[in-house]
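Residues per chain, in single letters:
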Amino acid sequence: MTEFRITHEVHQSHPDIRERLTATTIEAINESSARSAEDAARVLLHKLAEIGVHMSEAACLAAIERLRSGKQLRFEIEEARD
């Protein structure tokens, strides 16, 4: 299971961030199901930005490819480092 880490500050400002990340990721996958993985990654990138979460395009692509291959994602929350 691949872990995508988000910072503690995001979790504090959005206490339901895990649910929002999951819902947003599912929405992006459904919206872009007929698109290439690269296009789907861009959709995910923009949808995450709408909820205040920033991931690199490479990380979004990895997430899309993992989900399309039937594997799961897990979002891990860690404290931000200075």
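Values in this document were obtained by computation on a predicted structure and should not be read as measured data.

Chemist: Describe the overall build of the chain, naming the residues involved and giving the relevant values.
Modeler: From N to C terminus, the chain includes four helices and two strands. Going from the N terminus to the C terminus, the chain shows its helices and strands as β-α-α-α-α-β. Buried positions account for 34% of the 82 residues belonging to the chain. Sequence-distant contacts, at least 24 apart, represent 64% of the contacts inside the chain between residues at least 6 apart.

Chemist: Residue-level account of the packing of helix α2 (residues 17–31) against helix α3 (residues 37–50), with values.
Modeler: In contact at an axis separation of 9 Å, α2 and α3 are set at 145° when each is read in the N-to-C sense. Here α2 runs over α3; the crossing is right-handed. Of the residues in α3, those touching α2 at L21, T24, T25, E27, A28 and E31 are V43, L44, K47 and L48. Split into classes, the residues belonging to the contact of α2 with α3 amount to five nonpolar, two polar and three charged.

Chemist: With reference to specific residues and values, describe helix α4 (residues 57–68).
Modeler: The first and last C-alpha atoms of α4 sit 16 Å apart over 12 residues, in line with the 16 Å expected at 1.5 Å per residue. Among all positions in α4, only A59, C60, A63, I64 and R66 are buried. Down the axis of α4, the sector holding all buried residues measures 165°, keeping them to one side.

Chemist: Can you break down the environment of R20 residue by residue, with the values?
Modeler: Position of R20 relative to the elements: it lies in helix α2. Of the residues examined, R20 reaches a relative accessible area of 28% and is grouped as partly exposed. Considered as a pair, R20 and L48 are 28 residues apart in the sequence and their alpha carbons are 9.1 Å apart.

Chemist: Before we move on, can you summarise the nonpolar core with the specific residues and values?
Modeler: For soluble globular proteins, the rule of thumb is that nonpolar side chains tend to be buried together. Ranked by size, the top nonpolar core spans 19 residues in total, and within it L21, L44, L48, V53, C60 and I64 carry the most contacts. For this core, the elements supplying multiple residues, two or more each, are α2, α3, α4 and β2 (73–78). Residue contributions to this core peak at six residues, all from α3.

Chemist: Pulling in residues and values, what's your account of the pattern of salt bridges?
Modeler: Here the structure, examined in full by the defined rule, presents four salt bridges. Residue E27 pairs with K47 through a salt bridge whose shortest N-O separation is 3.0 Å. Here E27, found in helix α2, pairs with K47, found in helix α3; they are 20 residues apart in sequence, far enough to count as distant. Residue R42 pairs with E57 through a salt bridge whose shortest N-O separation is 3.4 Å. With R42 in helix α3 and E57 in helix α4, this pair connects stretches of sequence that are 15 residues apart. Owing to a relative accessible area of 35%, R42 belongs among the partly exposed residues under this scheme. Linked by salt bridges that have partners in common, E27, E31 and K47 make up one network.

The rules behind these values
- Residues numbered from 1 in each chain as written.
- Predicted model: local features only at pLDDT ≥ 70, side-chain atom pairs only at ≥ 80, totals over all residues.
- Heavy atoms only, no water.
- Helix = DSSP H or I, 4+ residues; strand = E, 2+ residues; numbered from the N terminus.
- Buried < 20%, exposed > 50% of the residue type's maximum accessible area, 1.4 Å probe, protein only.
- Contact = heavy atoms within 4.5 Å.
- Axes fitted to C-alpha atoms, helices over the stretch in contact; angles between N-to-C directions.
- Left-handed = near helix turned anticlockwise from the far one by under 90°.
- Nonpolar A, V, L, I, M, F, W, Y, C, P; charged D, E, K, R; others polar.
- Expected span 1.5 Å × (residues − 1).
- Arc of directions from axis to C-beta.
- Core = buried A, V, L, I, M, F, W, Y, C linked by side-chain atoms within 4.5 Å.
- Salt bridge = Lys/Arg side-chain N within 4 Å of Asp/Glu carboxyl O.

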